[in-house]
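Fold and contact review
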Amino acid sequence: MLELAGVHAAYGRVKVLAGVDLAARAGEIHCLAGRNGAGKTTTLRAVMGLVVPGAGRIALDGADLTGVPAHRIAARGIGYVPQGRRLFPDMTVAENLEMGRRAGTAGPGIRDRMIGLFPRLGERLDQRAHSLSGGEQQMLAVARALSLEPRVLLLDEPTEGLQPSMTALIRDVTLRMRDAGLAVVLVESRIDAITALADRVTLIDTGRTRGTLTRADLAADPARLRRHLGV
Amino acid sequence: MEFGPHLMLALLEGAVTSAVLALTAMGLSLVFGVMRVVNVAHGAFFMLGAVAAWWIAQLVGAHPALGFAAALLAAPLLVGAGAMLADRLILARVGYDPERTIVATIGLMYVIEQTVLMGFGPDARPVAPPFDARIALPWVERTAEGLALYWPWGLSITAYKLFVIAAAAAILAGLWALMTRTGAGLVMRATQQDRDMARAFGVPVSRVFARVFGLGAALAAMGAVLVVPIQQAHYLMGGDPLLLSFIVVIIGGLGSLPGTVVAALLIGMTDGIVSVFLSPTLAKIVATLAVALVLVFRPQGLMGRARA
Ligand SMILES: Nc1ncnc2c1ncn2[C@@H]1O[C@H](COP(=O)(O)OP(=O)(O)OP(=O)(O)O)[C@@H](O)[C@H]1O
Ligand SMILES: [Mg+2]
């Protein structure tokens, strides 16, 4: 569904990506694993058009995304949950959800579905995003992305810094989205999370992918992932 | 005149200044807040609004009220369209880089002023107010039977000045509704709060910038149209509004719209009171002092949020 081939990207003169390949399929959770600074966030930003690749190809269902301006990517059906949440801090919960809805084609009913997924958000619709707790902010970031009814969901370390119950909730929603047929790309650094969730894992190191493992590969050689992450 | 009526007169004059200043400064604040650039040509857009008002009023002729109404509608549209063009031709080309934008808008200001000087000449031109009634205002006095109203000699204001206050309040209320109740406002706020995330959620940021720059200039032009029946249009009239708008925006907090209104009231009222009781020069000194105090003790402004 979402394919990256030989993607290169740089911030000014600093080369950050030097050959990223990835193929995320519908109904699968595709983890992107690598050490700090490996280029995971930059890979997702490249998909969103927020960094323009210097070389390589990014395609959604075969349609090239590389030349598409950033503001037209979401409408193609890609929902983005960035690292550090990046909500619109002075907007209310309802307004943040509305930003997600406008980016896609969903009707106003989508909000109630999001509240069904995260009831806590329903109690706080008029509260400003910056005053939410960390866990609530993460729920809102996920709900904002889902409000555009994406076919592809990009999640960048969505459980970073959350307490276990909140982590479980986010993971549960991630699995439900996979089961609903979304292609999920999940940047994750915790081995237990990767083993529990991933259908496939792409290893990334200094801006290059170093292969993709299936669930079976992971089970056969658990040490490989451990070595790659250097833990 | 006694102190009470005199103070009331000063407050009314202050309210007129505040009203025009709030509109003008709001434009500067909006542009800075959403686009993160300082528009040095803002005063030139103000001046363009005044000159356009004179020109439109001439064109329409007929009754002053008709000419003025046409100017109030058309001048902001013209100036806004011009500003959008400047955004596409200049600001977008320098990539909204903060320093280069300052230099570019200094150039733009100069170009606008010189063009107006060539086309319109160095003379100040009046625009007739749409109505020229004067309203006498009552004051209270203590009599043997208790408090009673009387009309002190000299306590009056033109109906037009009251109109300026009401019009500015209505425009600001409209702006508030636009920002908080409409999709266009939501998108502008999204761009202001996180440009990249706005893009990731489908906001065409460069188009929003053009609109915000146009809206900012149109607000200055509205302030100017309201002011020309009191002050006359002149090609160098943009200097004071620019300076005062900066003062207001710094005191109110960069990019904070409510802060801008509060600061405009503060500066306008102080200006009214100090000008009436002491001297206009002293009023400017007080405003400058206020900025210095804010910069030292509350650099983020009265209602601005400290940068994280
Ligand atoms: N805006 C930027 N300007 C310059 N360099 C950047 C910028 N953003 C990231 N980088 C650099 O690009 C490299 C990859 O960063 P990226 O954020 O993609 O890594 P990551 O894999 O997501 O790391 P982490 O696990 O810490 O989130 C790092 O060396 C980083 O310093
Ligand atoms: Mg990262």
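In this text the structure is predicted, and so the values were computed from the model without any measurement.

A few words now on the overall build of chain A. From N to C terminus, chain A includes 9 helices and 10 strands. Relative to its length of 231 residues, chain A is compact, with a C-alpha radius of gyration of 17 Å against a globular reference of 17 Å. A total of 231 residues make up chain A; the buried ones form 54% of that total. Partitioning the intrachain contacts of chain A with sequence separation of at least 6 by distance along the chain shows that 69% fall at a separation of at least 24. Carbon together with sulfur atoms contributes 49% to the accessible area of chain A, which is approximately 9500 Å² in total. One finds the centroid of the 31 positive side-chain charges in chain A at a distance of 5 Å from the centroid of its 24 negative side-chain charges.

For the rest of this paragraph, the subject is the interface of chain A and chain B. The interface is formed by 24 residues belonging to chain A together with 19 residues belonging to chain B. The contact between chain A and chain B buries some 1900 Å² in all, and 63% of this surface belongs to carbon and sulfur atoms. Per-residue buried area on chain A facing chain B is highest for A:H71, A:F88 and A:M99; these three make up 28% of the total on that side. Summed over the shared surface of chain A and chain B, the number is 3 salt bridges. A salt bridge links B:D194 to A:R86; the shortest N-O distance between them is 2.7 Å. Among the elements of the structure, α2 (93-103) and α5 (134-146) of chain A are those that each provide at least two residues to the side of chain A that touches chain B. In terms of residues, the side of chain A that touches chain B owes the most to one element, α2(A), which gives 6 residues. Among the residues forming the side of chain A that touches chain B, the class breakdown is 13 nonpolar, 3 polar and 8 charged.

Before going further, it helps to examine the site of ligand 1. All names here are of chain A. Around ligand 1, the structure places Y11, V16, R35, N36, G37, A38, G39, K40, T41, T42, Q83 and E157. Between ligand 1 and the protein, one listed contact pairs an oxygen atom with a backbone N or O atom of G39 at 2.9 Å. Here ligand 1 loses 60% of its free accessible area of 640 Å² to cover by the protein chains. Here the residues of the shell around ligand 1 sort into 3 nonpolar, 6 polar and 3 charged.

Below, the discussion takes up the sheet that holds strand β4 (residues 55-60) of chain A. Residues and elements named next belong to chain A. Read from one edge to the other, the open sheet built from 4 strands follows the order β2-β1-β4-β5, with strand pairing classed as antiparallel. Edge positions in the open sheet fall to β2 (14-24) and β5 (63-64), since each of these has one partner strand only. With 8 bridges connecting them, strand β1 (residues 2-11) and β2 associate as antiparallel partners. Counted as the bridge partner of A9 is L17 from β2. Helix-sheet contacts for helix α1 (residues 40-47) involve β1, β2 and β4, and the interaxial angle to β1 is about 110°.

For the rest of this paragraph, the subject is the domain arrangement of chain A. Frequently, the measure chosen for interface size is the accessible area removed from exposure when the parts meet. Residues and elements named next belong to chain A. Partitioning chain A into structural domains gives domain 1 (2-77 + 151-229) and domain 2 (88-150). Summed over both sides, the interface between domain 1 and domain 2 buries roughly 1200 Å², with carbon and sulfur atoms accounting for 80% of that surface. Ranking the residues of domain 1 by area buried against domain 2 places M166, I170 and V173 at the top, with a combined share of 31%. Those elements that place two or more of their residues in the side of domain 1 that touches domain 2 are β7 (152-156) and α6 (164-179). Among the elements that make up the side of domain 1 that touches domain 2, the one with the highest residue count is α6 (6 residues). Among the residues making up the side of domain 1 that touches domain 2, the classes are represented as 13 nonpolar, 1 polar and 2 charged.

Turning our eyes to something else, we now look at the nonpolar core. Core analysis: the largest hydrophobic core is formed by 167 residues, its most contacted members being A:L2, A:I78, A:L154 and B:M35. The element contributing the most residues to this core is helix α8 (residues 205-231) of chain B, with 15 residues. With residues up to four places along the chain from it excluded, the contact list for A:L154 reads A:L2, A:L44, A:V47, A:M48, A:I78, A:G79, A:Y80, A:V81 and A:V185.

Okay, the coordination of the magnesium ion (ligand 2) next. Protein coordination of the magnesium ion (ligand 2) is provided by A:T41 (OG1) and A:Q83 (OE1), with donor distances spanning 1.9 to 2.2 Å. One end of the pair, A:T41, is in helix α1; the other, A:Q83, is in the loop between β6 (78-81) and α2, with 42 residues separating them in the sequence.

Take the confidence of the model for chain B next. Summarising the model, chain B shows a mean pLDDT of 91, and 98% of its residues fall at 70 or more. Confidence metrics for the complex model read pTM 0.92 and ipTM 0.94.

The next point concerns the environment of B:A283. Residues and elements named next belong to chain B. Considering the arrangement of structural elements, one finds A283 in helix α11 (residues 280-297). Note on A283: relative accessible area 3%, which makes it buried. Expressed as a C-alpha distance, the spacing of A283 and L295, which sit 12 residues apart in the sequence, is 19 Å. In this view, A283 contacts D271, V274 and S275; residues no more than four positions away in its chain are not counted.

Conventions and cut-offs
- Residues numbered from 1 in each chain as written.
- Chains lettered and ligands numbered in written order.
- Predicted model: local features only at pLDDT ≥ 70, side-chain atom pairs only at ≥ 80, totals over all residues.
- Heavy atoms only, no water.
- Helix = DSSP H or I, 4+ residues; strand = E, 2+ residues; numbered from the N terminus.
- Rg over C-alpha atoms; globule rule 2.2 N^0.38 Å.
- Buried < 20%, exposed > 50% of the residue type's maximum accessible area, 1.4 Å probe, protein only.
- Contact = heavy atoms within 4.5 Å.
- Areas by Shrake-Rupley, 256 points an atom, 1.4 Å probe, with all protein chains shown as cover.
- Lys, Arg positive; Asp, Glu negative; His and termini not counted.
- Charge placed at Lys NZ, Arg CZ, Asp CG, Glu CD.
- Buried area = accessible area lost by both parts, 1.4 Å probe.
- Salt bridge = Lys/Arg side-chain N within 4 Å of Asp/Glu carboxyl O.
- Nonpolar A, V, L, I, M, F, W, Y, C, P; charged D, E, K, R; others polar.
- Near = heavy atom within 4 Å.
- Polar contact = N/O pair within 3.5 Å; in protein donor to acceptor, adjacent residues only side chain to side chain.
- Pairing = 2+ DSSP bridges.
- Axes fitted to C-alpha atoms, helices over the stretch in contact; angles between N-to-C directions.
- Domains from an automatic or database assignment.
- Core = buried A, V, L, I, M, F, W, Y, C linked by side-chain atoms within 4.5 Å.
- Donors = N, O, S within 2.8 Å, 3.2 Å for Na, K, Ca; no water.
- pLDDT = per-residue confidence, 0-100.

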